[in-house]
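# Results of the structural survey
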2 protein chains.
Amino acid sequence: MSLRHAVLAALLSGEYSGYQLTKAFDVGVANFWYAQPQQLYLELSKLENDGLISGREVVQQTRPTKRLFSVTDAGLAELERFAAATSKPSFIRDDLLVKVQAVDHVEVAPVIEQLDQRAAAAAAKVEILDKLLRRFRGDLDEETFLRDGTPIGPYLTCLRGKRFEQEHHDWCVRAAALLRDRAARPLPAPR
Amino acid sequence: MSLRHAVLAALLSGEYSGYQLTKAFDVGVANFWYAQPQQLYLELSKLENDGLISGREVVQQTRPTKRLFSVTDAGLAELERFAAATSKPSFIRDDLLVKVQAVDHVEVAPVIEQLDQRAAAAAAKVEILDKLLRRFRGDLDEETFLRDGTPIGPYLTCLRGKRFEQEHHDWCVRAAALLRDRAARPLPAPR
DNA sequence: CACACCATGTAACCTGTTACATGATTGT
DNA sequence: ACAATCATGTAACAGGTTACATGGTGTG
């Protein structure tokens, strides 16, 4: 049960509709979690049924009516409980790593291609997250914001997300270059 | 379906029993995937039923009889197919990030404590992975091994794992220090 | 004699993904 | 008119976790 808490944590920043959440949780800016629209709508229903969030209808003249959700006191208490509980460490689980692991035994070309694509995608995400960070801290420099700025939680998770993408990018670029180079010299001369 | 391929990729390095795989896939050295023993045994059964791996019984006098598995031609073909197919990018999904995201609204002390614990765990994992890397490359230096050493796949995934843990460690340490500092000065003087 | 390690599984449950569904409005 | 965006869901399935189960061997 963790999407539950991810949604609660996201709603701390203000009221959001299901659709707005899907944007935040979607590919673009998953700085601390990821979920698909369907899962979010489902989780929002459950959270509302459990009284952890409450939704209010907002009728729009130009757009379809939407429901904005906010965290209730019960929801905050649940988050409090969750934050204090211990939880398992996280793991990398990435198909691309599996492919690279097997690269000595399978065709390298498609793997290299995918490394290139990933590198590009990661670079794009770094940009997005960097913009988000700048928006968060406004005109303050990073050091000052980290000392006194608020909210600090989203800033920290965003920082982590950016670093992850940067690392991923660098690794992809390096691995691709390396495998290309090795493919060009299939039989290194034994000295 | 990806544990399937992770197991196949792992078995490329040689024959392993279910138990040996659980060690490799377990908390210690999940350099490219993670899975629990139960899941591995189940997956091994399925893979054998599907003819992608084959197991041979090894009777030991001092230990219980075990079954060593290796990848069949069909299994290799399946991996080949998998490696060429495109796959979704990976995401961070970590309870700890959710907690940090909410840190402006919940008790900081337990979160800081968990950041400390994670930092220590990550540091330990970095050590383990570093040893693995040194074992992989033997007496070659890294540059040389990356140019010509084999197998290169496991080395690359291990490198990625190490970097991930290192980043995670650094972030945890930084976030913990920062939150501690902020907790000590709850109301920064507005100038 | 108890604890850790080797060795392997099953069953129930929870979570997450994919596919299916609908419908209004705004911009090109 | 067509595509994109806003807006919300359901149903079936695949994948992963937790709990339950068992039994032999070596070490302190």
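Going by what an unreviewed UniProt entry lists, chain A is known as PadR family transcriptional regulator and is assigned to Umezawaea endophytica.

## Here we look at the relation of the copies chain B and chain A
Superposition record for chain B on chain A: RMSD 0.1 Å, screw rotation 180°, translation along axis 0.0 Å. Between the two chains, the operation in question is that of a two-fold axis. The residues that chain B uses at the interface reappear at the interface of chain A in 100% of cases, marking a shared surface.

## Some remarks on the nonpolar core
It is characteristic of soluble globular proteins that their nonpolar side chains tend to be buried jointly. Core analysis: the largest hydrophobic core is formed by 102 residues, its most contacted members being Phe25 and Leu115 of chain A together with Phe25 and Leu115 of chain B. Excluding residues that lie within four positions of it along the chain, Phe25 of chain A makes contacts with Leu3, Ala6, Val7, Ala10, Ala30, Phe32, Trp33, Tyr34, Ala35 and Leu40 of chain A.

## A closer look at the interface of chain B and chain A
Accessible area lost when the parts come together is the quantity often used to give the size of an interface. Of the residues lining the interface, 75 residues belong to chain B; the matching set on chain A comes to 75 residues. Overall, the association of chain B and chain A removes approximately 7100 Å² of surface from exposure, summing both partners, and the carbon and sulfur fraction of that is 59%. Along the contact surface separating chain B from chain A lie 6 salt bridges. For Glu167 of chain B, the salt bridge goes to Arg163 of chain A, with nearest N and O atoms at 2.9 Å. For the side of chain B that touches chain A, the elements supplying multiple residues, two or more each, are helix H1 (3–11), helix H4 (73–84), helix H5 (95–101), helix H6 (108–137), helix H7 (142–148) and helix H8 (152–184) of chain B. Looking at the side of chain B that touches chain A, the element that brings in the most residues is H8 of chain B, giving 19 residues.

## Details of the sheet that holds strand S3 (residues 66–71) of chain A
All names here are of chain A. Taking strand neighbours across the sheet as the criterion, the 3 strands line up as S1-S3-S2 in an open arrangement whose pairing is antiparallel. In this open sheet, the two edge strands, each paired with only one partner strand, are strand S1 (16–17) and strand S2 (53–58). When S1 meets S3, the two strands line up antiparallel, connected through 2 bridges. Residue pairing across strands places Ser17 opposite Leu68, the latter belonging to S3. Packing against the sheet, helix H1 (residues 3–11) makes contact with S1, S2 and S3, and its axis sits at approximately 95° to S3.

## Focus: the protein's contact with DNA strand C
Not every one of the 21 residues close to DNA strand C is listed here, only the nearest: Met1, Gln36 and Thr62 of chain A together with Tyr19 and Gln60 of chain B. Within 4 Å of the protein, the atoms of DNA strand C are drawn from sugar and phosphate moieties in a proportion of 72%. At 3.2 Å, a side-chain N or O of Gln36 of chain A approaches a phosphate oxygen of DNA strand C. Note that a phosphate oxygen of DNA strand C is positioned 2.5 Å from one of the side-chain N or O atoms of Gln60 of chain B. Contributions of two or more residues to the surface near DNA strand C are made by helix H3 (37–49) of chain A together with helix H2 (18–25), helix H3 (37–49) and strand S3 (66–71) of chain B. Classifying every residue of the surface near DNA strand C gives 6 nonpolar, 9 polar and 6 charged.

Thresholds, definitions, all that
Residues numbered from 1 in each chain as written. Chains lettered and ligands numbered in written order. Predicted model: local features only at pLDDT ≥ 70, side-chain atom pairs only at ≥ 80, totals over all residues. Heavy atoms only, no water. Least-squares fit on C-alpha atoms with pLDDT ≥ 70 in both. Contact = heavy atoms within 4.5 Å. Core = buried A, V, L, I, M, F, W, Y, C linked by side-chain atoms within 4.5 Å. Buried < 20%, exposed > 50% of the residue type's maximum accessible area, 1.4 Å probe, protein only. Buried area = accessible area lost by both parts, 1.4 Å probe. Salt bridge = Lys/Arg side-chain N within 4 Å of Asp/Glu carboxyl O. Helix = DSSP H or I, 4+ residues; strand = E, 2+ residues; numbered from the N terminus. Pairing = 2+ DSSP bridges. Axes fitted to C-alpha atoms, helices over the stretch in contact; angles between N-to-C directions. Near = heavy atom within 4 Å. Polar contact = N/O pair within 3.5 Å; in protein donor to acceptor, adjacent residues only side chain to side chain. Nonpolar A, V, L, I, M, F, W, Y, C, P; charged D, E, K, R; others polar.

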